[in-house]
Amino acid sequence: MSTPRDPQHTPRVVLGVAGGIAAYKAALLLRELTETGHDVTVVPTAASERFVGRATWEALSGKPVATDVWSHADQVPHVRLGRHADLVVVAPATADLLARAAHGLADDLLTNVLLTATCPVLLAPAMHTEMWLNPAVQANVALLRSRGVTVLEPASGRLTGADSGPGRLPEPADVAAACRRLLGSGARGYDLAGRRVVVSAGGTREPLDPVRFLGNRSSGRQGVAVAAAAAARGAHVTLVTAHVEVPAPAAVDVVEVQTAAQLAEAVQAAAAAADVVVMAAAVADFRPAARADVKIKKSDDPARDPVVVLERNPDVLAGLVAARAGASPVIVGFAAETGDETGSVLEHGRAKLARKGCDLLVLNEVGETKGFATATNAVTILGRDGTEREVPEASKDVVADAVWDAVVPMLPPPAVPTTGAL
Ligand code: CTP
């Protein structure tokens with residue numbers, strides 16, 4: 001929304017429900033939105049009433065519910081609802097609903113509301129994997145995103161039957177979080193729509209033997225927050241995790257790895273089609289040169305105690321920079337530094353940015369109680385062009401949004417599909 005709202009204003013949300021099996025989850029989303037102070041009007045499609053009856057929506061929202069433009073016609077609901085809404089969210093959005101929205105059809109109340117709404121629109125698709133991946137559906141999603149509609153990536157997991165894959169409705173709490181973000185952040189809410197993003201998070205572990213490893217204290221919280229913020233701003237996110245201590249957000253593709261070599265492989269594979277790569281993981285610089293197949297035991301003779309010889313791991317970030325042709329993908333590094341006699345944290349950060357050659361370096365000072373496993377962070381975002389933005393201590397979510405605020409202006413304009421491409 002372009003005009004700031006009165007902070008006392010109760011946000012008005014239209015919750016559209018299309019005809020998919022995940023319609024029952026919209027009841028939980030409705031509960032979550034009403035309990036967190038939103039005024040919600042439910043607009044189901046006729047097909048969705050085969051899954052969840054209108055009595056459920058009327059009871060939970062405390063308002064009458066209609067599917068067509070003829071009920072309560074004296075109040076012209078299709079114009080009133082769209083015009084007065086602060087947010088329209090459709091969950092689940094079926095392939096049919098996406099098609100009707102993309103092509104401007106107006107054959108029921110929900111599609112009319114989508115045409116009259118001037119507020120942010122959030123669509124949370126849910127359907128079988130084959131339908132989601134179908135070029136017709138993907139073209140409709142691209143068209144909607146190019147117009148500024150936020151289309152969430154579906155979650156991966158168990159679908160209606162025994163099958164699984166991308167197509168699940170993201171958890172109601174995740175959809176509600178995306179709603180709050182759109183309501184709170186105005187146009188910034190969907191500025192990564194259609195972008196492909198790779199984020200690495202956590203700390204790699206290099207095995208010494210089957211029970212021991214060389215690791216580090218990274219919890220993965222900041223990297224996961226960066227991935228969640230990108231997903232909420234509309235990106236398709238691949239999150240490469242190495243031992244993160246927090247759950248991954250629902251609407252991202254997760255690749256789990258253990259070692260630096262595995263992380264390098266996973267990031268390089270995903271980076272090939274990416275617009276942005278963010279290396280938030282703490283990657284081990286060294287690994288034991290030899291890994292014992294059995295547990296290393298002590299003997300009676302201390303002179304025979306093992307000596308661990310280390311060898312270098314690849315520098316993933318520097319490798320990505322060296323491999324890219326042109327300016328894409330935008331590459332973001334993280335650096336956890338301590339000041340010492342050779343320089344301050346900032347001086348070390350500037351030197352690292354120059355050494356690694358990435359576009360942005362998110363620099364933070366670390367210590368026993370700073371940076372690791374905490375809910376907050378304070379960073380300086382250094383740009384290759386010499387810019388330095390300080391983000392004072394804030395939640396890791398706020399820091400994550402600050403990183404994307406710095407990345408977005410560096411992206412080329414999004415590709416707009418033409419009618420011929422549909
Ligand atoms: N990084 C990487 N591969 C490595 C080590 C680090 O991709 N083998 C990335 C990290 O993900 C991070 C950035 O490089 O984005 C900086 O990590 P850091 O550990 O601070 O840098 P190092 O190159 O290891 O430098 P130092 O000698 O200061 O440890």
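Residues numbered from 1 in each chain as written. Predicted model: local features only at pLDDT ≥ 70, side-chain atom pairs only at ≥ 80, totals over all residues. Heavy atoms only, no water.

An unreviewed UniProt entry annotates the protein as Coenzyme A biosynthesis bifunctional protein CoaBC originating from Kineococcus aurantiacus.

Novice: It is not clear to me how the side chain of threonine 94 should be interpreted in this structure. Could you clarify?
Specialist: With respect to the helices and strands, the residue threonine 94 is situated in the loop between β3 (87-93) and α4 (95-102). Reaching out from threonine 94, the side chain makes a polar contact with the backbone nitrogen of leucine 97 at a distance of 3.1 Å. Excluding residues within four positions of it along the chain, threonine 94 makes contact with Ala18, Gly19, Gly20, Ala126 and Met127. (Helix = DSSP H or I, 4+ residues; strand = E, 2+ residues; numbered from the N terminus. Polar contact = N/O pair within 3.5 Å; in protein donor to acceptor, adjacent residues only side chain to side chain. Contact = heavy atoms within 4.5 Å.)

Novice: Please explain the pairing of strand β8 (residues 196-202) as it appears in this structure.
Specialist: Along any regular strand the residues' side chains alternate between the sheet's two faces. Of all seven residues in β8, six are buried; the element is thus mostly enclosed. In terms of strand pairing, β8 meets strand β11 (residues 236-242) through seven bridges, oriented parallel. From the neighbouring strand, serine 200 faces β11, where its bridge partner is valine 240. Across four bridges, β8 lies against strand β13 (residues 276-279) in parallel orientation. Note that in β13 the partner of valine 199 across the bridge is valine 278. (Buried < 20%, exposed > 50% of the residue type's maximum accessible area, 1.4 Å probe, protein only. Pairing = 2+ DSSP bridges.)

Novice: What exactly am I supposed to notice about the nonpolar core here?
Specialist: A general trend in soluble globular proteins is that nonpolar side chains are found buried together. In this structure, Val199, Val237, Val276, Val332, Ile381, Trp404 and Val407 are the most contacted members of the largest nonpolar core, which totals 32 residues. Taken together, the elements giving at least two residues each to this core come down to β8, α9 (221-232), β11, β13, β16 (330-337), β17 (360-365), β18 (376-383) and α13 (396-407). (Core = buried A, V, L, I, M, F, W, Y, C linked by side-chain atoms within 4.5 Å.)

Novice: Teacher, can you tell me more about the sheet that holds strand β2 (residues 39-44) here?
Specialist: Sheet strands pair via backbone hydrogen bonds, and the direction of the pair is either parallel or antiparallel. As summarised here, the arrangement of the five strands in space is β2-β1-β3-β4-β5, forming an open sheet in which the pairing is parallel. Strands at the two margins of the open sheet, each flanked by one partner only, are β2 and β5 (150-151). Sheet analysis places strand β4 (residues 121-125) next to β5, joined by two bridges and oriented parallel. Across the sheet, leucine 123 pairs through a bridge with valine 151, a residue of β5. Where helix α1 (residues 23-35) meets the sheet, it contacts β1 (12-17), β2 and β3, and its direction lies at approximately 170° from that of β1. (Axes fitted to C-alpha atoms, helices over the stretch in contact; angles between N-to-C directions.)

Novice: Looking at this model, I keep getting lost on the pattern of salt bridges. Mind explaining?
Specialist: Where charged atoms from two side chains of opposite charge approach closely, those side chains can pair. Going through the model one piece at a time under the given rule, you end up with 21 salt bridges. Salt-bridge contacts for lysine 356 lead to aspartate 315; the nearest nitrogen and oxygen are separated by 2.6 Å. With lysine 356 in helix α12 (residues 345-356) and aspartate 315 in the loop between β15 (310-312) and α11 (316-323), this pair connects stretches of sequence that are 41 residues apart. Exposure remark for aspartate 315: the relative accessible area of 37% places this residue in the partly exposed category. Salt-bridge contacts for glutamate 337 lead to lysine 352; the nearest nitrogen and oxygen are separated by 2.6 Å. Taken together, the residues span a long stretch of sequence, with glutamate 337 in strand β16 and lysine 352 in helix α12 at a distance of 15 residues. For glutamate 337, a relative accessible area of 10% corresponds to the buried category. Classification of lysine 352 by relative accessible area gives buried; the value is 18%. (Salt bridge = Lys/Arg side-chain N within 4 Å of Asp/Glu carboxyl O.)

Novice: Would you take a moment to explain the sheet that holds β13 for this structure?
Specialist: One open sheet holds the eight strands; their spatial order is β12-β11-β8-β13-β16-β17-β18-β19, and the pairing between them is mixed. Two strands bound the open sheet, and with one partner strand each, they are β12 (253-256) and β19 (388-395). When strand polarity is set aside, the average angle formed by the axes of neighbouring strands in this sheet is 20°. In this sheet, β19 lies alongside β18 in antiparallel orientation, the contact comprising six bridges. Bridging from a neighbouring strand, leucine 382 pairs with glutamate 388 of β19.

Novice: What's the story with the packing of α4 against helix α7 (residues 135-146) in this structure? I'm lost.
Specialist: The geometry of a pair of packed helices is captured by two quantities: the angle between their axes and the separation between those axes. It is the contact of α4 with α7, at a shortest axis distance of 9 Å, that shows an interaxial angle of 45°. Comparing the axis directions of α4 and α7 gives the class oblique. Crossing of α4 against α7: the hand is left-handed. On α7, the residues that touch Ala95, Leu98, Ala99, Ala101 and Ala102 of α4 are Val137, Asn140, Val141, Leu143 and Leu144. Here the contact of α4 with α7 is composed, by residue class, of nine nonpolar, one polar and no charged. (Parallel < 35°, antiparallel > 145°, perpendicular 65-115°, else oblique. Left-handed = near helix turned anticlockwise from the far one by under 90°. Nonpolar A, V, L, I, M, F, W, Y, C, P; charged D, E, K, R; others polar.)

Novice: Help me understand the domain arrangement of the protein, please; the structure alone is not making it clear to me.
Specialist: Frequently, the measure chosen for interface size is the accessible area that the parts lose on association. For the protein, the domain assignment lists domain 1 (12-184) and domain 2 (196-291 + 308-410). Carbon and sulfur atoms supply 55% of the area that domain 1 and domain 2 bury against each other, a total of about 810 Å² over both sides. Of all residues in domain 1, the largest losses of buried area upon contact with domain 2 belong to Glu153, Asp174 and Arg181, amounting jointly to 56% of the total for that side. Put simply, domain 1 and domain 2 have zero salt bridges between them. Mapped onto the side of domain 1 that touches domain 2, the elements with two or more residues apiece are β6 (155-158) and α8 (172-185). (Domains from an automatic or database assignment. Buried area = accessible area lost by both parts, 1.4 Å probe.)

Novice: Can you walk me through unusual backbone geometry in this structure?
Specialist: The omega angle of the peptide bond from alanine 91 to proline 92 is 0°, so this bond is cis rather than trans. Among the secondary structure elements, proline 92 is positioned in strand β3. Proline 329 follows serine 328 through a cis peptide bond whose omega is 0°. The residue proline 329 is located in the loop between α11 and β16 in this model.

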